[in-house]
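# Inside the fold
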Amino acid sequence: MQKSHRYSTYYRRASVMLKIARYALLLFLVVFSAFCIGFIRDNITMDIVRQVSQIIDLSGSDRTPSETSVTISTDKSSDFVMIGSDLAVVSNSGISLYGFAGSKLYSYNYAYTNAAFTTSKNGKTILVYDTEGTNLAVYSSVSKLLEKTLDYEIKSACINDIGYFAVVNSEKTYRSGVIVFDGDGKEIFRWMSPDKYVTSVDLNSNGQKVVCSAIYNKNGAFVTEIAVYDTSSGEKTASFEAADTLALKVGYADNDSKIYMLSDGAFSSYSADLEPIGTRAYNQSNAKFFRLYKDCVMIAESDNLAGNSMTLRAYDYGTSLMFEQKTQSRIIDIDYTGNTLYLLKTDELEVLDVDAETNETTSLAALPLGVQYKAVMTDQYGRYVLVSSKSADRSSLSSLLESSLEEDKGKN
């Protein structure tokens, strides 16, 4: 017994000493941080704050319940996008970021005539711009990173993972062109054309290459040129022309190894040097929407003019058909992550599994909806979010599958 008492005393003293050491270390860090801030405060600039904001990712510390809802404010111009695990609402009057702990993380007001946005591939930053104005701003999950006003209207834009962004712009003596900026908003590349209208633009991952599509008249017929420029030298490194083709969207895919083009009648793929890989045609008059994901592009088409039946086709960036999904109901929105496909319909949310080997689809669950939702999206943890005009409701796939299984057992 005496030996046991001696050991307990030892551990008690060790515990006390450990607590004292921990508090002493914490006090030292606080004092040291205060000293550093006071010593280098003259060197702390907005550029440094902006760079720190780009690195910080508060969504990684999400501890909120999966089953939760947050009230949001929207109007007719509102659109929605996930930044990490938070929901951004973008409209003509401003941008607001909502956390699912029930709070509005930030809100910035502006007055845009027609607000549009694009996100980086990693989903950490969002570029908001006015397609009928000259203003743009970049936001993260923490705050607004930068704001710019250009001399001429912004028609389209893109942003990459390191914060470089490009805009489709025009100048007084030119039809249109492309301007590329680094993460601090400093111009690093400019190309303007006197006879071509640029329709789309995208940057590679390090901002050293920019691809753009431009349309112009050639001998009485319209022609689209796809061109790649080196942003350092300003040289055109690759290009080709496509007659009677209107490029709606061009971009980099598969870690910059491929360039895709979505035109008014086909989805096409090329090498980084614009050597053709493949093409898939679609019915332009029946196409309702398309979505771009990391490993595929999806195109939704109506099966006929009168009914609601639709077909959703997914192609990889080599233009191979990954899968095809038919539905008798109109599809309002979709999302795709981790081989799980979410189909938002007028009265239900259907969740399907896509087999990674056979690419066959299997329906996992169908959730009846009593509210008219506008969008479905997933966060970085695989939870799905349904967005209406008044709220955003989040849940986990596992919870939905459990509910569906219990419902099936009850029917049997």
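First things first, this report covers the structure right here in the doc. Computed from a predicted model, the values in this text were never measured in an experiment.

In this model, Asn 339 sits at a positive phi of 65°, which is unusual for a non-glycine residue. If you trace the backbone, Asn 339 turns up in the loop between β26 (331–337) and β27 (340–345). The partly exposed category is assigned to Asn 339, whose relative accessible area is 28%. Within the chain, Asn 359 stands out as a residue other than glycine whose phi angle is a positive 65°. Under the relative-accessibility criterion, Asn 359 is labelled partly exposed at 24%.

Two strands pair when backbone bridges link them, and strand β4 (residues 94–99) and strand β5 (residues 103–109) are joined in this way by six bridges, in the antiparallel orientation. Note on β5: the bridge partner recorded for Gly 94 is Asn 109. Linking β4 to β5, which pair antiparallel, is a turn of three residues; within it Gly 102 sits at a positive phi near 100°.

A few words on the side chain of Thr 311. Relative to the helices and strands, Thr 311 is located in strand β24 (residues 310–315). A polar atom in the side chain of Thr 311 sits 2.7 Å from the side chain of Asp 303. In this structure, Thr 311 is in contact with Ile 299, Ala 300, Glu 301, Asp 303, Glu 324, Gln 325 and Lys 326, ignoring residues within four places of it in sequence.

This paragraph deals with the packing of aromatic side chains. Geometrically, a pair of aromatic rings is defined through the distance of the ring centres and the angle of the planes. In the structure shown here, the tally under the stated rule is 14 aromatic pairs. Pairwise contacts between aromatic rings join Tyr 260, Phe 267, Tyr 315 and Tyr 317 into one cluster. One cation-aromatic arrangement involves Lys 196 over Tyr 216; the distance from NZ or CZ to the ring centre is 5.0 Å.

Let's shift gears to the sheet that holds strand β25 (residues 321–327). Hydrogen bonds between backbone atoms are what pair the strands of a sheet, whose relative direction is either parallel or antiparallel. A sheet is described by the order of its strands in space; here four strands give the open sequence β22-β23-β24-β25, paired in antiparallel fashion. Each edge of the open sheet carries a strand with a single partner, namely β22 (287–292) and β25. Each adjacent strand pair in this sheet contributes to an overall mean axis angle of 15°, direction not counted.

Turning to the pattern of salt bridges, a few remarks are in order. Throughout the structure, instances matching the rule amount to 16 salt bridges. Across the pair Lys 218 and Glu 241 runs a salt bridge whose closest N-O atoms are separated by 3.0 Å. Highlighted residues: Lys 218 in strand β15 (residues 209–218) and Glu 241 in strand β17 (residues 236–243), separated in sequence by 23 residues. Residue class for Glu 241 comes out partly exposed when judged on its relative accessible area of 42%. Across the pair Glu 350 and Lys 345 runs a salt bridge whose closest N-O atoms are separated by 2.6 Å. Assessed through its relative accessible area of 12%, Glu 350 is described here as buried. Linked by salt bridges that have partners in common, Glu 171, Glu 187 and Arg 190 make up one network.

Conventions used here
Residues numbered from 1 in each chain as written. Predicted model: local features only at pLDDT ≥ 70, side-chain atom pairs only at ≥ 80, totals over all residues. Heavy atoms only, no water. Helix = DSSP H or I, 4+ residues; strand = E, 2+ residues; numbered from the N terminus. Buried < 20%, exposed > 50% of the residue type's maximum accessible area, 1.4 Å probe, protein only. Pairing = 2+ DSSP bridges. Polar contact = N/O pair within 3.5 Å; in protein donor to acceptor, adjacent residues only side chain to side chain. Contact = heavy atoms within 4.5 Å. Phe/Tyr/Trp six-rings, centres within 6.5 Å; stacked < 30°, edge-to-face > 60°. Lys NZ or Arg CZ within 6 Å of the ring centre and 35° of its normal. Axes fitted to C-alpha atoms, helices over the stretch in contact; angles between N-to-C directions. Salt bridge = Lys/Arg side-chain N within 4 Å of Asp/Glu carboxyl O.

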